Every structure is written in structure tokens, then in C-alpha cells.
Amino acid sequence: MFHINKFSLATILLFLPLISSAEIFVSPVVATDKITNNYVVGPGSFQIVQLPSKGSTQDTYLININAGNAIYKDITAYIVDQQNLSLYQTGQPFRGIGYQKAIAPFAIQGSTQTSGPKYLILDNKFAAIIAKKLSITVEARLPVDSTDQQRIEKTFTQLYDNLKSKLIFPDFNIHVEPCGQVNASSDSRTHDIKYCTETISQLARTNNEGAFTAIFLHEAGHSLLGAWGIPGNNNEDIADEFSTYMLMSSGPSGYALLDRSLEFWQNRDVISEASAMIINGDRHSLSIQRARNIKENMQSGESFIKKWNHLMYQHYTDEALNKVTTNPTYGDDIQLAQSTIKQRQSK
Ligand SMILES: [Zn+2]
């Protein structure tokens, strides 16, 4: 039997997270996004590329090797650990995953199953005169340690709690997992959000917290509009507008995040997007169009926020409505908030 005294009960309640029935599931493995780099490896020489790694025996790679040479497309390539890199560099026999003088394009896949950092050796020592122009695409699957897991959970908890403090909606769960591409999605039935680790990897590398938040809010837009039964919840441009509204109406810091997020859309590859759209029937507008739409809405300023207030205030929490009436900020509509509060009280 165990006993909870009043003090410890109060303490527990104090530290209960705001999210009660929502859960954040973090996959034990993260997949990085594809990173492509070009290398010119001269004749008689080699190059060492450091690979993304958690220093774990579980670090696993898929590396695609392409050569831009017209005829001579052969290269020796191996994934190695630190110890075998040293052996290779001192001309001794070494162990690694890869191929001797293979003809590009080819792929190397697998894990050295050893701890510590990992490297890719690109060896053109056998060539007398031809330099190899290589394009190397690296994807890694790396284990998530408890520190990573807590950091990811904390980040999503903050996003979710911010949403919950402003809006009333049925709880949904968040799944952070590898998807095979940079993406995120909202389940139209459960309203759960899937946030791909590839997206987190890319946004962490480009240090784009704005896009990280805007993408979360885009998916939350699908989920919440769906849960509220609002038509257009599947519409990609409306989900973007929801995200834009949430960030713009949260003041200068939100506006800065939104502005930063534009870079993510502007840097996407339009040609591959357009072909994916035709092949897979993607419903999203092209990223450059999305960036343009978001920018236009940002430029509309208060009038854009006020238009959305008419849809959103009825779903605001009491606290959020009270804040509009007592401490209004950019785009807030005091009268609309007051009449929404009145309606609520008369029910
Ligand atoms: Zn969407």
C-alpha cells in the first residue's frame, strides 16, 4: 500500500503536463534526409567523407554513388569505422562495406556494426590520369538515444501545448518516425499527425525552426479543421492559411518564424515536385506557389488575420478570448471576441 499526502498530490498535479490524453510517439530510429554532395577525386588519390553517425553499432547507411565522367565511371568506395580508416590510410588490410573499382552508378547499403564515427572512402588511386567526378547521396538510419528522445518529445509538447492553450479541440497523437522522404501528414480519421524524421533532419541541418513550426501547424490545420467538421480541411492551401494565421496572430515571434519558413518552400526542387504531382497526384500546390501565397497573406497583414478570426474565435479557449479583450495585439478583434464570450455565457 502506498500513501499520497496532500503536498505530494499538489506537486503531482502541478507537474502534470497540459496534454492529458495526447501522446507523442518517437520511433527508436531516425532516418536522415538524403544529402547529395559532389566530389572530384583526382587520379592516384582518395577522399574521405565523414558520415552522419550516432557512434552506434546500429548506424546504417544507404549511399548512392554516381559518376559524371563520360566513360571512366569506376571508383573504389567503402564505408568504414575509425579503426579501419586508420588501417586503410596506413596501407594495411582493412574491413569495410563496399566495392573495388565498381562502375557507377551503384549503391552501398548496410552497417559496419561497430561503434564510433563512420566514414566513406572514395579511392581513385588505381587511376593514372582520369579524375572522377562523383555525386554521392547519403541516407542514414540512426538510433535515437534517450537524450534525443526527450528533446524531440519536449519540442512537440511545447508546440502542442501552445495550440491547446489557444484552441479547443479533441486531443490527437503525434508520431515521429521515418517515412522515406521529407514530409509530414495528418490522418483524416484519427487526426493524428505524423512528422517524418527526414523533415526534422533537414530542418535541423538548415536550422529552420520557422519551417519546423509552420509544417506542424499546417498538419494541425488539417487535423483541427477536420475535427471541427469544417469543409476544406483536406485542402492544402487552407491548411497553409491556418498555419499562417496561427503564426501571424501570435505576434512578432510568430511572424519571424513564418518569414523564415518561406526559405524552406523556396529551396525545394520544383521540377521533381511537378513530376511527383503528375505521377502521385500530390494535392499540394508547388512549393514556390505556396511560398507566394503565404507571402501574399503576410502582406495582407491585419485584414488576413481578421478574416480568419471569424472562423477561429468560436474555437478559442476562454483564456485566449479574454486575452483578446483585455490585452489585444496585432489583428485582434475585440468586439468579435466580446460577442463570442457573450454567446458562450448564454448557452
Ligand atoms: Zn497538407
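Residues numbered from 1 in each chain as written. Predicted model: local features only at pLDDT ≥ 70, side-chain atom pairs only at ≥ 80, totals over all residues. Heavy atoms only, no water.

**Focus on the coordination of the zinc ion**
In the first shell of the zinc ion, the protein supplies H218 (NE2), H222 (NE2) and E236 (OE), at 1.9 to 2.2 Å from the metal. Along the chain, the residues donating to the zinc ion fall in the pattern H-x3-H-x13-E. Taken together, the residues H222 in helix 5 (residues 209–227) and E236 in helix 6 (residues 236–248) connect sequence positions 14 residues apart. Accessibility classification places H222 together with E236 in one group, the buried group. (Donors = N, O, S within 2.8 Å, 3.2 Å for Na, K, Ca; no water. Helix = DSSP H or I, 4+ residues; strand = E, 2+ residues; numbered from the N terminus. Buried < 20%, exposed > 50% of the residue type's maximum accessible area, 1.4 Å probe, protein only.)

**Some thoughts on the pattern of salt bridges**
If you walk through the whole model with that rule in mind, you get 12 salt bridges. When the shortest N-O distance is used, the salt bridge between E177 and K194 registers 3.9 Å. Taken together, the residues span a long stretch of sequence, with E177 in strand 11 (residues 174–177) and K194 in strand 13 (residues 193–196) at a distance of 17 residues. Salt-bridge contacts for R344 lead to D318; the nearest nitrogen and oxygen are separated by 2.7 Å. On the criterion of sequence distance, the pair formed by R344 in helix 12 (residues 334–346) and D318 in helix 11 (residues 318–326) is long-range, its members being 26 residues apart. (Salt bridge = Lys/Arg side-chain N within 4 Å of Asp/Glu carboxyl O.)

**A look at the packing of aromatic side chains**
Considering all chains together, one arrives at 15 aromatic pairs under this definition. Ring geometry for Y99 against F106: centres 5.7 Å apart, planes inclined by 90 degrees, an arrangement best described as edge-to-face. Relative to W308, the ring of F242 has its centre 6.5 Å away and its plane inclined at 70 degrees; by these criteria the two rings are edge-to-face. In this pair, F242 sits in helix 6 while W308 sits in helix 10 (residues 302–312), placing the two residues 66 residues apart along the sequence. With a relative accessible area of 6%, W308 lands in the buried category. (Phe/Tyr/Trp six-rings, centres within 6.5 Å; stacked < 30°, edge-to-face > 60°.)

**Some details on the sheet that holds strand 1 (residues 24–26)**
Pairing in this open sheet of four strands is mixed, and the strands run 1-11-13-12 from one edge to the other. Both edges of this open sheet fall to strand 1 and strand 12 (184–186), since each of them pairs with a single strand only. The sheet shows a mean angle of 10 degrees between the axes of neighbouring strands, taken without regard to direction. As paired strands, strand 1 and strand 11 are joined by three bridges and run parallel to one another. (Pairing = 2+ DSSP bridges. Axes fitted to C-alpha atoms, helices over the stretch in contact; angles between N-to-C directions.)

**Points about the environment of S27**
In this structure, S27 sits in the loop between strand 1 and strand 2 (29–31). A polar side-chain atom of S27 sits 2.6 Å from the main-chain carbonyl oxygen of V29. (Polar contact = N/O pair within 3.5 Å; in protein donor to acceptor, adjacent residues only side chain to side chain.)

**Topic: the state of the cysteines**
Taken as a whole and assessed by the stated rule, the structure comprises one disulfide. Here C179 engages in a disulfide with C196; their sulfurs sit 2.0 Å apart. Because the sign of the S-S torsion sets the handedness, a value of about -95 degrees for the bond joining C179 and C196 places this disulfide among the left-handed ones. Taken together, the residues C179 in the loop between strand 11 and strand 12 and C196 in strand 13 connect sequence positions 17 residues apart. Its relative accessible area of 25% is what places C179 among the partly exposed residues. (Disulfide = S-S within 2.5 Å.)

**Focus: helix 7 (residues 252–266)**
The end-to-end C-alpha distance of helix 7, which contains 15 residues, comes to 22 Å, matching closely the 21 Å that a straight helix rising 1.5 Å per residue would cover. Every buried residue of helix 7 is accounted for by G254, L258, S261, L262, F264 and W265. Angularly, the buried residues of helix 7 cover 155 degrees about the axis, an arc narrow enough to put them on a single face. Residues of helix 7 that are exposed and point over 90 degrees away from its buried face: P252 and S253. Residues of helix 7 that are buried sit in contact with helix 4 (197–205), helix 5, helix 6 and helix 9 (287–300). (Expected span 1.5 Å × (residues − 1). Arc of directions from axis to C-beta. Contact = heavy atoms within 4.5 Å.)

**Observations regarding the pairing of strand 5 (residues 60–67)**
The side chains of a regular strand alternate between both faces of the sheet. Side chains of strand 5 alternate between two faces, with Y61, I63, I65 and A67 buried and T60, L62, N64 and N66 left unburied. Relative to strand 8 (residues 106–110), strand 5 is paired through five bridges, and the arrangement is antiparallel. Within the sheet, the bridge partner assigned to L62 lies in strand 8 and is Q109.

**Some points on the sheet that holds strand 9 (residues 118–123)**
Strand order across the open sheet formed by four strands is 4-9-6-7, with antiparallel pairing between neighbours. For this open sheet the edge positions go to strand 4 (46–50) and strand 7 (97–103), each flanked by a neighbour on one side alone. Strand-to-strand twist in this sheet, taken as the mean axis angle between neighbours without regard to direction, amounts to 15 degrees. Bridging between strand 6 (residues 74–81) and strand 7 involves five bridges; their strand directions are antiparallel.

**So, unusual backbone geometry**
Here A104 and P105 are connected by a cis peptide whose omega angle stands at 5 degrees. One non-glycine residue, H191, lies in the positive phi region at around 65 degrees. Secondary-structure assignment places H191 in the loop between strand 12 and strand 13. Classification of H191 as buried rests on a relative accessible area of 17%. One non-glycine residue, N207, lies in the positive phi region at around 55 degrees. The residue N207 is located in the loop between helix 4 and helix 5 in this model. We classify N207 as exposed; its relative accessible area is 61%.

Any functional reading would require information that these geometric values do not contain.
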